[in-house]
Structure formats: C-alpha cells, structure tokens
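# Structure assessment
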Amino acid sequence: MADIIQLLPDHVANQIAAGEVVQRPASVVKELLENAIDANSDSIKLIIKDAGKTLIQVIDNGKGMSATDARLSFERHATSKIKSADDLFQLNTKGFRGEALASIAAIAHVELKTKQDDEELGTTIIIEGSEVKTQEVIVTPKGTSLSVKHLFFNIPARRNFLKSNTVELRHIIDEFHRVALAHPSIAFSMFSNGNETFNLPQSNYRQRIVNIFGNKTNEKLVPVEETTEVLTISGFVGKPEFAKKSRNEQFFFVNNRFIKSAYLNHAINSAFEGLLKDGAQPSYYLNLTVNPQTIDINIHPTKTEIKFDDEHTLYAILRSAVKHSLGQFNIAPVLDFDRDANLDTPYSYEQKGMPSVEVDRSFNPFKDDTPVSKPTAIASPSFKKDTGASWESLYVGLESKGTKTTKDFDEITFESQPENESIFKNENEVETKQTTYQLNNKFIISTIKSGMLVIDQHRAHQRVLYEDFLRHITIKEGVSQQLLFPLELHFSSQEIALINQLKEDLESTGFVFQSIKDDTVLISGVPVNVPESEVSIILEQLISDVENEVPDSNFSATDLLAKSMAKSLAIKTGQTLTNPEQEHLVNRLFGCKEPNVSPTNKTTFITMTVDELDKKFM
C-alpha cells in the first residue's frame, strides 16, 4: 500500500496558521503594534484604509532590523524574543511565537522598510502570498515601516466573511485602545482614510485614559493602588453613577498585556455590589503586575487568555483593593469608627479634669412677678356650661326690611331622591366589566370567546413601540417635545461618531440635536413618549446595539434603531398597570401588523382554549 502521509508545503502551512493568528484586519493591527513596542519605539503611527481591507501600515522609530533579520523575520517560528523553552516563563515581550509575520505574509501583500540607527542604508522587502518578490537596499528613516495590502487576497471565502467597514474599523479601534492604554509612555497616532482619528502624546496613565475616552472621563475615575507579595495593582475604576450597560470600558492588563478574564471581572462586579443599577457594568482600567513564572500566556495565539497559578488569591486581593478604594474616596459608605474624624473627641479629658457646674439657687420656676390679668371669656379655664343663645338667633338677619319674618315653606322645593338618582343612572349606558387581569406584574390575562389570552406585557409593548418608531422613521414625521433647558450628554469620540451616523434617523423619531461636538451632545427636543431621564439610557443602549451589530443597508439601520429604542422604552417586567392601561396595550398589540412576535422574534402571547382547560381537570 502506498504511503499517504506527506509534509505540507510552507505556503499551505502558513495559510493554515494564518487562520488562527489573523482572524480579521484588527488581528494584523494588534500584531504589528506589538512588534513596534518590542522594538523599543517611543512613537508609533497607524494608518488604515477601508477598515484595513486595502491598507494597514504601522510606522515606528524603534531599533530596526538588519538585512538578514528582515528576511528571516518572515519565516515560521523565527523570533528574537525567546531562545529556549525556559524563556516562556520569563516573558517581558509581547510576541514570542514567531508566527505573526509569516502568517500575515501568507495572505496579503506585505512591504517592509527598516533601518538600524548605526547603519547608513536600510532594507526593503516585498512579499506576496509567502513569495518574496524583491529585496533591495534603500534610504529610509530609522525604525520600521510595515505595510499590509489586500488582506485575504488569496482566500476569497475569508474576505467575503468580513463585516462592514464600520464593524471592522470598530474592532481596529478596540485593539488600538488596548495597546495604547497599556503603554502611556509611548506616543500613538492613528489615521483612517486620511483623517486623524487619534493623536495620543506621551503621558501618564490617567491622561492617556482621558485622551482616549474624552475630557469628561477625568471626573469619573477613582484611583486603585495595592501592593502585595503576590500582586501589584494600579489603575482606576469608574464611579458607580457613570456605569453604562456596555462593557466597552473594561480593561485588564497583566504585565502590560491586555487580557480577558471572566473570573477577575466577577471580582470587580462583587466589589461594586449594591452600588450599580440593574444591567449596568462598572468601568475599570487596571494594571496587574505578577511574577512571569506564575502565569502561562501560551494558551491561544491571540495571547488574550492567561492561566494563573493561584486565581483565588488574585480574586480576593483585587476585590478587596477595589472595595477599599470605593470606600476611601467616599464612593461607598464605610463605617470605621477608628478613622471617622467626626467622632474624634476634640479635647483631652485628662487635661481638662472634671467640668464645673454653676447653679442659680435663687431661681424659682413657679414664681411670677408680673400681675396676673383676669382671663377673658374666650380663654377662661372654667368648665361651666355656656347657655348660649336661643335657637331663634340662628335666623336673625334672614328677613329683610319690609318683609315678613316667617316664610311659607310650601313654596320652597327640595331635591327628591329619584331625581338625585337620575343624575348618575342612565338607562342607555352599558355596564362595563373588567376584561383584563395582570398576573405577577408580568402577564396580562384577557378573555376571548374560545378561552383566554396570556400576553407578555414587555414583549407586547416592544412590538407596539417598534412599529411606531419604524413608521415615524420611514415617513420622517416624528413628533418631538421641546425641552426647557437643553440636555447635555457626554460620550467618547467613538460613540460621537456613531451618533453622527444615526443623527438623521434619530431626528425622524423626534430627537432634536442642538449641537454635537468632540465629546458633548446637546439635545433640545425628545420624542413625546420619551421621558427626559431616559434619554441617556436610550442612547447608550442604542450605541451598544450598533457596536455589536452594525448593518450594511439603510433599511437595516432603521430597523436596528427602532428595535433598540423599543427595547429601552418598553414596559418592564414587574411594572403594575391599571385596567385601562392593560386594555389599551392589548388593543394596540392586536392593531399591529405582526402581533404574534416581538421585534426579536419571540412569542408575545399564547392562547388557552376552554377545551384545553377542561383537559387540565380530567
């Protein structure tokens, strides 16, 4: 029988490896930025075109590479970061696998320009699909410039699965944020389609956070500092009143490397217990420094997952440190009698001794030198019965001059009992009966001819609002109510860009924007059925929905906007409704085009016939 096992060619093996390392343009951005950091750069520039599908270029002023290193860097498992297996437990660099550049070169057109500081000339290499086209000597500045063009040009299936430019750009910005936050001592700049998106100078950690997320972020930050033998924590958490529903401002860095950890995230949520509204997520930007020997980051090619030797200890320290900071800065109530300055004794008893007491012995509370006046009839304490005036005095003044003192009471008419009843009783009026009932403040029970309806009030109201908003956006006739004072809301630059994209559709629902600036939105009008206190919640929910699912067509964007606003404003489970409100909701639900399902295709009501109820009692 013939042998069937064979070695794969290098370009095939590189394409297979690229499937793990390069999932989307943001993966390339992450790898190139980390390589620039490992090259000891203090200034890094990122240039993007068409959300990375056309061009991704990273320019740094690091130490550069020699001609031999530049060529060797595109080989698989070629790296300058480690030399032996023991180095995996002493990692102080971002990369160490030696797969990134080889994987990127296998699925894109790559152009590398690099020069070392002590060399007069540099090297340029052009590679297309793992095939080296040219390698020449050129004049170039110190450092490295690496351009990745036409990503996935030889894997059309992967290219077709890429999302819209808006989604892919958001993922690139997320990776840029993670790298820039981990290294505030390095200056970063980012350009997208020729426009400067970020320009972050060298700064401290707090300034870097403010430069990325807006000036309003400064007042939201609470410092967290803790040093132990196991772990050193530094960074900031957000104040509970500024918590959002999205997780966009949650960052863990372990030894200056961004990681994702649901376990450590639970420690933060536990520290904020009782301080957050339902559904709100705390913001945090925390740097954790641990011994490299106690962690394993070689879990996944993206290196965002880490295994700790003792996760339970880290959990306890992290939770305690955050909780202590919230109490120390009066964010959370703390009862500490030893440190409460208000309860400190302002003097020393040993120095003062026993306090002296002066007594006025001539004081008599029962002695009164002023003459007592005779009490008047009104203030008289006597309990003698007052005879009062006779009953005839009640009618004094009723008669006028020249008239008789008595009246003929037969001429006076009084309202009779039958006439009084006729005011409230109408023979033609139909007696109304209660037809709806609310169960557990969640379901509305309504009777029908064949049995009964059980309606989910939250989903039903979502369907009603969804069709209303969709109609207003489509015909652009949303009704708004003007605010007495404009409402000022603050967002990050990325969120402001999304609001600008949705501005026209939001105005169709009834929103009126007075101005949209760098990090501030002024709203002077809101839809008639939207309370002013809900505006910020609606916009935050909308931004979160758009970031997670940005559609390609205008109709889909309109549909997503209507769904998001309906979800934010719908009656919540647990809200009590009066009988007229219940009937109104039922009537409006069955006036919809699709009353059977909610905007998210979930059942809004079920029916139970009399026969089904009879079977329950058999």
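As a starting point, this report considers the structure included with it. Note that this is a predicted model, so its numbers are computed, not measured. (Residues numbered from 1 in each chain as written. Predicted model: local features only at pLDDT ≥ 70, side-chain atom pairs only at ≥ 80, totals over all residues. Heavy atoms only, no water.)

## Comments concerning the sheet that holds strand β21 (residues 520–527)
Ordered by their spatial adjacency, 3 strands build an open sheet running β19-β21-β20, and the pairing between neighbours is antiparallel. Strand pairing shows two members of the sheet lacking a second neighbour, β19 (480–490) and β20 (512–516), which therefore form its edges. The mean angle between the axes of side-by-side strands here comes to 15°, regardless of whether they run parallel or antiparallel. Direction of pairing for β20 relative to β21: antiparallel, over a ladder of 4 bridges. From the neighbouring strand, Val 512 faces β21, where its bridge partner is Gly 525. On top of the sheet, helix α13 (residues 493–509) reaches β20 and β21; it is set at about 155° to β20, its chief contact. (Pairing = 2+ DSSP bridges. Helix = DSSP H or I, 4+ residues; strand = E, 2+ residues; numbered from the N terminus. Axes fitted to C-alpha atoms, helices over the stretch in contact; angles between N-to-C directions. Contact = heavy atoms within 4.5 Å.)

## Describing the sheet that holds strand β2 (residues 55–60)
Strand pairing in a sheet relies on backbone hydrogen bonds. The paired strands run either parallel or antiparallel. Strand order in the open sheet formed by 8 strands is β5-β4-β3-β6-β2-β1-β7-β8, with mixed pairing between adjacent strands. Looking at which strands have only one partner, the edges of the open sheet turn out to be β5 (131–138) and β8 (195–200). Strand after strand, the sheet turns through a mean of 10° between neighbouring axes, direction not considered. Judged from the 7 bridges that link them, strand β4 (residues 122–128) and β5 form a sheet pairing that is antiparallel. Residue pairing for β5: Glu 128 is matched across the bridge by Glu 131. Packed on one face of the sheet, helix α6 (residues 165–182) meets β1 (43–49), β7 (187–192) and β8 and runs near 175° to β7.

## Concerning the nonpolar core
Ranked by internal contacts, the top residues of the largest apolar core, which has 52 residues, are Leu 32, Leu 46, Val 148, Leu 181, Phe 188 and Tyr 285. Residues contacting Tyr 285, with those up to four places away along its chain left out, are Leu 181, Tyr 205, Ile 209, Phe 213, Thr 217, Leu 221, Ser 234, Gly 235, Phe 236, Glu 249 and Phe 251. One finds Leu 465, Phe 469, Val 526 and Leu 542 within the second-largest nonpolar core, a separate group that totals 33 residues. (Core = buried A, V, L, I, M, F, W, Y, C linked by side-chain atoms within 4.5 Å. Buried < 20%, exposed > 50% of the residue type's maximum accessible area, 1.4 Å probe, protein only.)

## A few points about the packing of aromatic side chains
Applying the stated criterion across every chain yields a total of 13 aromatic pairs. With a centroid separation of 6.0 Å and 50° between ring planes, the pair formed by Phe 213 and Phe 251 is classed as tilted. Of the two residues, Phe 213 sits in helix α7 (residues 205–213) while Phe 251 sits in strand β11 (residues 250–254), which places them 38 residues apart along the sequence. By the burial criterion, Phe 213 is buried, and Phe 251 matches it. (Phe/Tyr/Trp six-rings, centres within 6.5 Å; stacked < 30°, edge-to-face > 60°.)

## Re helix α12 (residues 457–475)
The end-to-end C-alpha distance of α12 is 27 Å, a good match for the 27 Å that 19 residues give at a rise of 1.5 Å each. With respect to burial, α12 is a largely interior element, 14 of its 19 residues being buried. Between the side-chain oxygen at the start of α12 and the backbone nitrogen of His 458 there is a gap of 3.1 Å, and the oxygen is on Asp 456. (Expected span 1.5 Å × (residues − 1). Polar contact = N/O pair within 3.5 Å; in protein donor to acceptor, adjacent residues only side chain to side chain.)

## Here we look at a negative patch on the surface
On the surface, a cluster of negative charge is made up of Asp 117, Asp 118, Glu 119 and Glu 120. Turning to its location among the elements, Asp 117 is positioned in the loop between β3 (109–115) and β4. (Patch = residues over 30% accessible without salt bridge, like charges linked within 9 Å, V, L, I, M, F, W, Y side chains within 5 Å. Areas by Shrake-Rupley, 256 points an atom, 1.4 Å probe, with all protein chains shown as cover. Salt bridge = Lys/Arg side-chain N within 4 Å of Asp/Glu carboxyl O. Lys, Arg positive; Asp, Glu negative; His and termini not counted. Charge placed at Lys NZ, Arg CZ, Asp CG, Glu CD.)

## Side note on the packing of α12 against helix α16 (residues 579–589)
Following both chains from N to C, one finds α12 and α16 inclined at 55°, their axes separated by 9 Å at the closest point. Taken together, the axis directions place α12 and α16 in an arrangement best described as oblique. Between α12 and α16 lies a crossing whose hand is left-handed. Residue-level contacts link Gln 457, Ala 460, His 461, Arg 463, Val 464 and Asp 468 of α12 to Leu 585, Arg 588 and Leu 589 of α16. Here the residues of the contact of α12 with α16 are counted per class, giving 4 nonpolar, 2 polar and 3 charged. (Parallel < 35°, antiparallel > 145°, perpendicular 65-115°, else oblique. Left-handed = near helix turned anticlockwise from the far one by under 90°. Nonpolar A, V, L, I, M, F, W, Y, C, P; charged D, E, K, R; others polar.)

## Quick notes on a nonpolar patch on the surface
A contiguous nonpolar surface patch, about 320 Å² in accessible area, is contributed by Leu 121, Val 137 and Val 139. Looking at where Val 139 falls in the secondary structure, it is placed in the loop between β5 and β6 (143–149).

## Points about unusual backbone geometry
You will see that Asp 50, though not glycine, has its phi angle at about 55°, which is positive. Counting through the fold element by element, Asp 50 comes out in the loop between β1 and β2. For Asp 50, a relative accessible area of 34% gives the class partly exposed. Of note, the phi angle at Phe 152 is positive, near 60°, even though the residue is not glycine. When you line up the elements, Phe 152 lands in the loop between β6 and α5 (156–160).

## Points about α16
Residues of α16 that are buried include every one of Gln 582, Leu 585, Val 586 and Leu 589, and no others. End-on, the buried residues of α16 take up no more than an arc of 100°, which puts them together on one face. Residues of α16 that are exposed and angled more than 90 degrees away from the buried face: Pro 580 and Asn 587. Those residues of α16 that are buried are in contact with β16 (436–439), β17 (443–448), β18 (451–456), α12 and β22 (605–609). (Arc of directions from axis to C-beta.)

## Thoughts on the side chain of Asn 265
Within the secondary structure, Asn 265 sits in helix α8 (residues 262–271). In this structure Asn 265 touches Arg 247, Gln 250, Phe 252 and Tyr 284, once residues within four positions along its chain are discounted.

## Digging into the pairing of β11
The element β11 is extensively covered by neighbouring structure, given that 5 of its 5 residues are classed as buried. The alternating pattern of β11 places Gln 250, Phe 252 and Val 254 and Phe 251 and Phe 253 on opposite faces, both of which are buried. In this sheet, strand β13 (residues 284–289) lies alongside β11 in parallel orientation, the contact comprising 5 bridges. Considered in β13, the bridge of Phe 252 is made with Leu 286. Connecting the antiparallel pair β11 and strand β12 (residues 257–259) is a turn made up of 2 residues, with Asn 255 showing a positive phi of about 50°.

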